[in-house]
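# Notes for the structure review
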Amino acid sequence: MSKREDETENNRDPFDPSPQVPSEIPTGFDRRKFIMRSAVVGAAAVMNGCGRSETEKVAPPPAAAAPPAPAGGAPAVPLAADLNVVKKGEGIVLTTVDEFYKVGPGPSSSHTIGPMRITYDFYQKATKLPADQLAKATKLQVNLFGSLSATGKGHGTERAALAGLVGKEPATVDPKFLDGLRDKPDQVFPVKLGEKSVDVSLKDVIYDATKGDFKHPNTMTVKLLAGNDVLLEQEYYSVGGGFIEWKGYTPPKKNTPKYPFRTMKELRDHADTNKTTIAKIMLANEMSIAGRSEAEVYAFVDKIINAMVATVKSGLSMPEDDVLPGPIKLHSKAATVYKRAMDDKYQADRGIGSLSAFAIAASEENGRGHLVITAPTGGSAGVMPALVYGLLEVRKVDRQKVRDGMLAAAAVGYLCKHHATLSAAEGGCQAEIGVASSMAAALTATAFDAESRVVENAAESALEHHLGMTCDPVAGYVQVPCIERCAFGAVKAWTAYAIASNEIASRHRIDFDATVTALAQTAKDMNSKYKETSEAGLAQSVVLC
Ligand code: SF4
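Attention here is on the structure that accompanies the text. What you are looking at is a predicted structure, and each value in this text was computed from that prediction instead of being measured.

### Here's the deal with the site of the ligand
In the neighbourhood of the ligand, the contacting residues comprise Gly379, Ala424, Cys429, Glu432, Cys471, Asp472, Pro481, Cys482 and Arg485. Using a 2 Å cut-off from the grid points, one finds that the ligand occupies the largest cavity. In the shell around the ligand, the residues fall into 5 nonpolar, 1 polar and 3 charged.

Following this line, the structure appears as structure tokens:
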């Protein structure tokens, strides 16, 4: 008897490469399928340390797997072709920084900042109605649909919507006002409409149908009523990143950009042809589109940088035993992670740990409903601030380079919005953390004076490695997985920059535009249960007690 024949299943060397497939193929079996199946089962046995029984070795292959079930759960919501966010994908990029980077209350640009902007917009429109109509007003009512209804409670959408109705703006609202609505939900507020005053409370914000034939998954209506008669009604869409549209929306007219571009390739060509950087092309475009001076553009960017630094500082200063609002009872950990990371004996570990802590700090601020900056969204609001804080406060990079980085990052965000989506309700978490990480990679590369190709490669790499990431916030709260996910997005941004700046740039095989196309396609194909509905993934598998 040979040595091999003497071996039992349990004492076989797991690294023995000999095929564990019987030499005889049972009669009637397809040889290729049989060998494949046996090889797979054998590999699994090696990895698990489990052998197969004699019966298993000769068992017929399983019946062909049933075709996958149709995308289950909530039906996919196809976006209406007349939404501006869909149409503008074909034209040149005209977004400006003040539209893109928005300060507002967390935890979600689409579920808090967008709805608050919407109800504030409606409030403004309502005040312009003729006095005789306003005199009849008795009630204001908000109805939330689709994802806004499915996960709005966890996001505090009703509080944000009410705040807008009573005339609060996202950028200036005191987070304590929103906290007050959470702590005392029965409060009633008079809303002045001309000579008339209409009382509103959280009861006037209705969580309506989660499924239906909506133009956008984040749809809401706002009405001003006189008894049962409608004085004014508007259907709105919170289309991601705090951007809003409404039925019949036409985008504001803008000036032609100095360097028109539709794609990263066109943007980079402008930079290379003019022997300048992506950031400088973006600056010239900001000035031409919005008619602003260089100083005005940078003043706005500085405001955003300062807000990002402030949110990280505020998050790090929170006590370690602070518990975030909501049923998860998640303890704040930014300060703990930071302190322990700084005690690490290895410098590289200190770097990764502290960068993670900065991202967690800003993201926890978002979870608290405090003011954050959409870059591109509230859920991803820890990623860019982590890099901005790390570059400015730790690496002491020159502020001008960080300003330039913010403009290059904005270009990345614009292109993702233009050709794909920034909305988790449309594209899952790849559209939030994935885009944020890609922006942060472009920021970092620019801040370190990388050439335009390296900036593109870093952004591409960070986005590529988030493709397919789903959105499944536990209990509908932007905390798990969101807070740690911001840390991973920040670290991946750094990794993307590290790879892009160390590889030979021209050999990078995937261009940014191709990856944005993949983002759009993946968003389209993604099962709608994984698009901010809390119907699947962690939201289902985690049981809160
Ligand atoms: S899982 Fe991602 S996309 Fe979804 S809410 Fe959290 S951060 Fe946003």
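### Things to note about the layout of surface pockets
Each pocket or cavity is described by its volume, and for the largest pocket that value is around 910 Å³. Contributing to the lining of the largest pocket are 35 residues, with Asp98, Glu99, Lys102, Arg117 and Phe243 lying nearest its centre.

### Observations regarding the packing of helix H13 (residues 294-316) against helix H16 (residues 383-394)
Axis separation between H13 and H16 bottoms out at 9 Å; the angle between their running directions is 95 degrees. It follows that H13 is roughly perpendicular to H16 by the angle criterion. Facing H13, whose interface residues are Ile305, Met308, Val309, Thr311, Val312, Lys313 and Leu316, H16 presents Met384, Pro385, Ala386, Val388, Tyr389, Leu392 and Glu393. Along the lines of polarity and charge, the residues of the contact of H13 with H16 split into 11 nonpolar, 1 polar and 2 charged.

### Brief notes about the pattern of salt bridges
Using the criterion set out here, one finds 21 salt bridges in the structure. Arg403 is the salt-bridge partner of Asp302, the closest N and O atoms lying 2.8 Å from each other. With Asp302 in helix H13 and Arg403 in helix H17 (residues 399-419), this residue pair connects regions lying 101 residues apart in the sequence. Considered together, Asp302 and Arg403 belong to a single accessibility category, that of buried residues. Close ionic contact of Glu364 with Arg368 constitutes a salt bridge, the shortest N to O distance being 3.8 Å.

### Side note on the nonpolar core
Core analysis: the largest hydrophobic core is formed by 98 residues, its most contacted members being Tyr101, Met384 and Met406. Residues within four places of Tyr101 in sequence aside, it is in contact with Phe300, Ile304, Met308, Ile373, Thr374, Ala375, Met384, Met406, Ala409, Ala410 and Met439. Core analysis: the second largest hydrophobic core is formed by 36 residues, Ile118, Tyr120, Val205 and Ala226 among them.

### Some remarks on the side chain of Thr157
Position of Thr157 relative to the elements: it lies in helix H9 (residues 157-165). Note on Thr157: relative accessible area 0%, which makes it buried. Excluding residues that lie within four positions of it along the chain, Thr157 makes contacts with His111, Pro115, Leu144, Leu148, Gly152 and Tyr207.

### Some points on the packing of H16 against helix H19 (residues 433-447)
Remark: H16 packs on H19, axes separated minimally by 8 Å, with the N-to-C direction vectors making an angle of 20 degrees. The angle between H16 and H19 falls in the class roughly parallel. Seen from above, H16 lies across H19 with right-handed handedness. Across the interface between the two elements, Val383, Met384, Leu387, Val388 and Leu391 of H16 pack against Ile433, Ala436, Ser437, Met439, Ala440, Leu443, Thr444 and Ala447 of H19. For the contact of H16 with H19, the class distribution of residues is 11 nonpolar, 2 polar and no charged.

### Regarding the packing of aromatic side chains
A full pass over the atoms with the stated rule returns 12 aromatic pairs. When the centroid spacing of 5.3 Å and the interplanar angle of 80 degrees are considered together, the rings of Phe100 and Tyr414 count as edge-to-face. Note that Phe100 is positioned in helix H5 (residues 97-100) and Tyr414 in helix H17, a separation of 314 residues in sequence. Tyr414 matches Phe100 in its accessibility class, with the two residues each being buried. Plain terms: the ring middles of Phe145 and Phe214 are 5.6 Å apart, the flat faces sit at 45 degrees to each other, and that makes the pair tilted. Taken as a pair, Phe145 in the loop between strand E2 (139-144) and helix H8 (147-155) and Phe214 in the loop between strand E5 (205-207) and strand E6 (219-226) lie far apart in primary sequence, 69 residues in all. Of the residues examined, Phe214 reaches a relative accessible area of 12% and is grouped as buried. Feature note: the residues Phe100, Tyr101 and Tyr414 constitute an aromatic cluster, connected by ring pairs. Against the face of Trp246 rests Lys125, its NZ or CZ located 3.9 Å from the ring centre. If you follow Lys168 out to its NZ or CZ, it ends over the ring of Phe177, 4.7 Å from the centre.

### Regarding the sheet that holds strand E7 (residues 229-240)
An order of E5-E2-E6-E7-E8 is seen for the 5 strands of this open sheet, with the pairing classed as mixed. Unpaired on one side and paired on the other, E5 and strand E8 (243-246) mark the two borders of the sheet. Each adjacent strand pair in this sheet contributes to an overall mean axis angle of 25 degrees, direction not counted. Where E6 lies against E7, 8 bridges are found, and the strand directions are antiparallel. Pairing of Leu224 across the sheet is with Leu232, part of E7. Those strands touched by H8 are E2, E5 and E6, and its axis lies near 110 degrees from that of E5.

### With respect to empty space enclosed by the protein
What the rule picks out here adds up to 3 cavities of 30 Å³ or more. Lining of the largest cavity is provided by 17 residues; of these, Gly379, Glu432, Cys471, Val478 and Cys482 occupy positions nearest its centre. For the lining of the largest cavity, a count of residues per class yields 9 nonpolar, 4 polar and 4 charged.

Reading the values: rules and limits
Every residue gets a number counted from 1 within its own chain, in the order that chain's sequence is written. It should be noted that, the model being predicted, local features are given only for residues of pLDDT at least 70 and side-chain atom pairs only at 80 or more, the latter also being counted only at that level, while totals for whole chains, interfaces and linings use all residues. Side-chain metrics rest on all non-hydrogen atoms present in the structure, leaving aside hydrogens and water. Being near a molecule or strand, for a residue, means having at least one of its heavy atoms within 4 Å of it. Every definition here rests on a 1 Å grid over the protein atoms only: cavities are sets of points where a 1.4 Å probe fits but cannot get out, pockets are open sets enclosed by protein on both sides within 12 Å along at least five of seven lines, and lining residues have some atom within 4 Å of a point. For a molecule to be placed in a cavity or pocket, more than half of its atoms must lie within 2 Å of the grid points of that cavity or pocket. Side-chain classes follow a simple rule in which Ala, Val, Leu, Ile, Met, Phe, Trp, Tyr, Cys and Pro form the nonpolar group, Asp, Glu, Lys and Arg form the charged group, and the remainder, Gly included, forms the polar group. Grid points are joined across faces, edges and corners, and a volume is the space filled by probe spheres set on the points. All axes here are fitted lines through C-alpha atoms, helices being fitted over the stretch that makes contact, and every angle between N-to-C directions spans 0 to 180 degrees. Helix numbering and strand numbering both begin at the N terminus, where a helix is a DSSP run of H or I of at least 4 residues and a strand a DSSP run of E of at least 2. When describing relative orientation, an angle under 35 degrees is termed roughly parallel and one over 145 degrees roughly antiparallel, while 65 to 115 degrees is termed roughly perpendicular and anything else oblique. We call two residues in contact when some of their heavy atoms are within 4.5 Å. By salt bridge we mean one thing: a side-chain nitrogen of Lys or Arg within 4 Å of a carboxyl oxygen of Asp or Glu. Here the term buried applies to any residue with accessible area under 20% of the maximum for its type, exposed to any over 50%, and partly exposed to those in between, with areas from a 1.4 Å probe on protein chains only. The definition of a nonpolar core used throughout is a set of buried Ala, Val, Leu, Ile, Met, Phe, Trp, Tyr and Cys residues joined through side-chain atoms within 4.5 Å. By definition, turning the near helix anticlockwise from the far helix through less than a right angle yields a left-handed crossing, and turning it clockwise yields a right-handed one. Side-chain rings of Phe, Tyr and Trp (the six-membered ring for Trp) are treated as a pair once their centres are within 6.5 Å; stacked means planes under 30 degrees apart, edge-to-face means over 60, and tilted covers the remaining angles. The rule for a charge over a ring is simple: NZ of Lys or CZ of Arg within 6 Å of the ring centre, and within 35 degrees of the ring normal. Criterion used throughout: strands pair if DSSP finds at least two bridges between them.

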